Amino acid sequence: MGYYVGYERNLQTPAQIDFSGLTHLMVGRVIPNADATITRHFDIDATNGPIWAQAAVDAAHAANRKAILMVGGAGEINGWRGAATPANRAVFVANLLAAMDQFGADGLDLDWEPIQTQDHANLLALAQALRAARPDMLLTMPVDWINTNTQWNPRPAGEPAFLAAIVPALDRINVMTYEMAHAFEGWHSWFASPLHGHAANTPSSAASSVQYYRDNGVPAARLGMGFGFYGNCFRGVSQPRVPVMLANFIASDGAMNYRNILASYLPHMTPNHDAAAQAPWLGAAAQVGPQGCTYVSYENPQSIAAKSQYARSQNLGGAIIWTISQGHLPANPAGQRDPLLAAIRQHYLD
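So, here's what we can say about the structure.

Quick notes on the rules
- Residues numbered from 1 in each chain as written.
- Predicted model: local features only at pLDDT ≥ 70, side-chain atom pairs only at ≥ 80, totals over all residues.
- Heavy atoms only, no water.
- Helix = DSSP H or I, 4+ residues; strand = E, 2+ residues; numbered from the N terminus.
- Rg over C-alpha atoms; globule rule 2.2 N^0.38 Å.
- Buried < 20%, exposed > 50% of the residue type's maximum accessible area, 1.4 Å probe, protein only.
- Contact = heavy atoms within 4.5 Å.
- Areas by Shrake-Rupley, 256 points an atom, 1.4 Å probe, with all protein chains shown as cover.
- Pairing = 2+ DSSP bridges.
- Polar contact = N/O pair within 3.5 Å; in protein donor to acceptor, adjacent residues only side chain to side chain.
- Axes fitted to C-alpha atoms, helices over the stretch in contact; angles between N-to-C directions.
- Parallel < 35°, antiparallel > 145°, perpendicular 65-115°, else oblique.
- Nonpolar A, V, L, I, M, F, W, Y, C, P; charged D, E, K, R; others polar.
- Core = buried A, V, L, I, M, F, W, Y, C linked by side-chain atoms within 4.5 Å.

Time to look at the overall build of the protein. Per the secondary structure count, the protein includes nine helices and 14 strands. Here the protein has a C-alpha radius of gyration of 20 Å; the compact-globule value for 350 residues is 20 Å, and the two agree. Along the first, second and third principal axes, the C-alpha atoms of the protein reach 55 × 50 × 35 Å. In the protein, which comprises 350 residues, the proportion classed as buried is 55%. Sequence-distant contacts in the protein: of pairs separated by 6 or more residues, those separated by 24 or more amount to 74%. Total accessible area computed for the protein in this model is approximately 13400 Å², and 53% of it derives from carbon and sulfur atoms.

Structure (structure tokens):
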């Protein structure tokens, strides 16, 4: 399932999407408002946004793929909480289905971030109401990766019961296993999307996050793992596993897309591969590129192969990509413009 968002329309047109590495296109986004209405500008504008979204849905269907409408995203929590209340829920469900039908999409992706204890009841009721209204629609939901230092970062109270209850209403629960390197207090420099290797000062990995959700009632067949087609830039450190402060974390999603990493960072930094984390990284003694990075963590075909093989070995039901356009290389020869997507196709889909 590859996310394709309106604000990245200049990176890749609908006609340039390589659907051979996808089964579902996640077209984003529409925005929930607290009064149960829905904004449909797709981060473009009220006229051109819907035109772009329709072209994306039509391209997916022309390729015999499914199109799912992304709802919400980071920063929209107040809209979700207002719209999904008992007083507004019926109207909200009707408006969500109307938006889905407007574009001829095959389902909805409920991108409610963050999901906290106070959200469990209304989010569950919303998913159940959508499922009851359209039993055959595709309904997916992304969830956070897990910080394994649960003593300091406890999970929301009641989360296991919530997950067990919502699973029957959803086709996929997709773990956003990217943006997993941070510079919080006590952290060491780490990887954007490590497969393994989580430890006390580097408490994230794709495998540990997947295992958490499996241990808490999500069947493997309904669970998806995330791939980030962008990386993280640090300054002031030049390798993984060394102490960091907040000021060391410089840039990530957007500025550090895979295209920019290949053009501005890889040629001028020393490439490395971490065998424990199954992740690549770049290091340099001096600042490199537009963001002034000295340490860059990202995905490449080798790490995608390892994660894909892990997903298959665990019989996971799917994968999500944020975002397909950040991995698109339009200057490359035809057939070589989406190397990360090609790696997923080769190692996960084929």
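This brings us to the pairing of strand S14 (residues 318-322). Burial runs high along S14: five of the five residues are buried. Burial of the side chains of S14 extends over both faces: Gly-318, Ile-320 and Trp-322 are buried on one face and Ala-319 and Ile-321 on the other. Alignment of strand S8 (residues 223-228) against S14, held across five bridges, turns out to be parallel. Bridge pairing in S14 links Phe-227 to Ile-321.

Turning to its location among the elements, Asp-171 is positioned in the loop between helix H5 (159-166) and strand S7 (172-176). Residues Asp-171 and Val-242 lie 71 residues apart in sequence; the distance between their C-alpha atoms is 40 Å. In terms of polar contacts, Asp-171 uses its side chain to reach the side chain of Arg-131, at 2.9 Å.

The five strands lie next to each other as S10-S9-S13-S12-S11, forming an open sheet whose pairing is antiparallel. Looking at the sheet topology across the chains shown, the edges are occupied by strand S10 (249-251) and strand S11 (270-274). Here the strands of the sheet are splayed against their neighbours by 30° on average, with no regard to which way each runs. Looking at chain direction, strand S9 (residues 232-234) and S10 are connected through two bridges and run antiparallel. For Phe-234, the partnering residue across the bridge sits in S10 and is Phe-249. Each of strand S12 (279-288) and strand S13 (293-297) touches helix H7 (residues 258-265); the most contacted strand, S12, lies at about 45° to it.

What describes two packed helices is the angle between their axes and the distance between those same axes. Packing of helix H4 (residues 120-133) against H5 brings their axes to within 10 Å, and their N-to-C directions diverge by 5°. Here H4 lies roughly parallel to H5, going by the angle between them. The residues of H5 that touch H4, namely those facing His-120, Leu-123, Leu-124, Ala-127 and Gln-128, are Glu-159, Phe-162, Ala-165 and Ile-166. When its residues are assigned to classes, the contact of H4 with H5 shows six nonpolar, two polar and one charged.

Let's shift gears to helix H6 (residues 206-215). Within H6, seven of the 10 residues are buried, which leaves the element mostly enclosed by the surrounding structure. Among the residues making up H6, those that are buried are Ala-206, Ala-207, Ser-208, Ser-209, Val-210, Tyr-212 and Tyr-213. For H6, the elements touching its buried residues are strand S6 (138-144), H5, S7, S8 and helix H8 (301-313). Following H6 by one or two positions, Gly-217 adopts a phi angle in the positive range, close to 100°.

All right, on to unusual backbone geometry then. Residue Arg-29 is bonded to the preceding Gly-28 through a cis peptide linkage, with omega at 0°. Between Trp-322 and the following residue, Thr-323, the backbone shows a cis peptide bond with an omega angle of -15°. Along the polypeptide, Thr-323 turns up in the loop between S14 and helix H9 (339-349). Phi is positive for Asp-43, which is not a glycine, with a value near 60°.

This part takes up the nonpolar core. Here is a general trend for soluble globular proteins: nonpolar side chains tend to be buried in one another's company. One finds Leu-25, Leu-108, Leu-130 and Ile-173 to be the most contacted residues of the largest nonpolar core, which totals 93 residues. A total of seven residues in this core trace back to one element, the largest contributor, which is helix H3 (residues 89-103). If we ignore the near neighbours within four places in the chain, the residues touching Leu-25 are Gly-2, Tyr-4, Ile-17, Phe-19, Ala-56, Ala-60, Lys-66, Ala-67, Ile-68 and Ile-324.

Once that is clear, we can look at the environment of Thr-23. Position of Thr-23 relative to the elements: it lies in the loop between strand S1 (2-5) and strand S2 (24-32). For Thr-23, a relative accessible area of 37% puts it in the partly exposed group. Along the chain, Thr-23 and Ala-67 lie 44 residues apart, while their C-alpha atoms are 8.8 Å from each other. In this structure Thr-23 touches Arg-65, Lys-66 and Leu-349, once residues within four positions along its chain are discounted. A polar contact of 2.7 Å, which involves the side chain of Thr-23, links it to the side chain of His-24.

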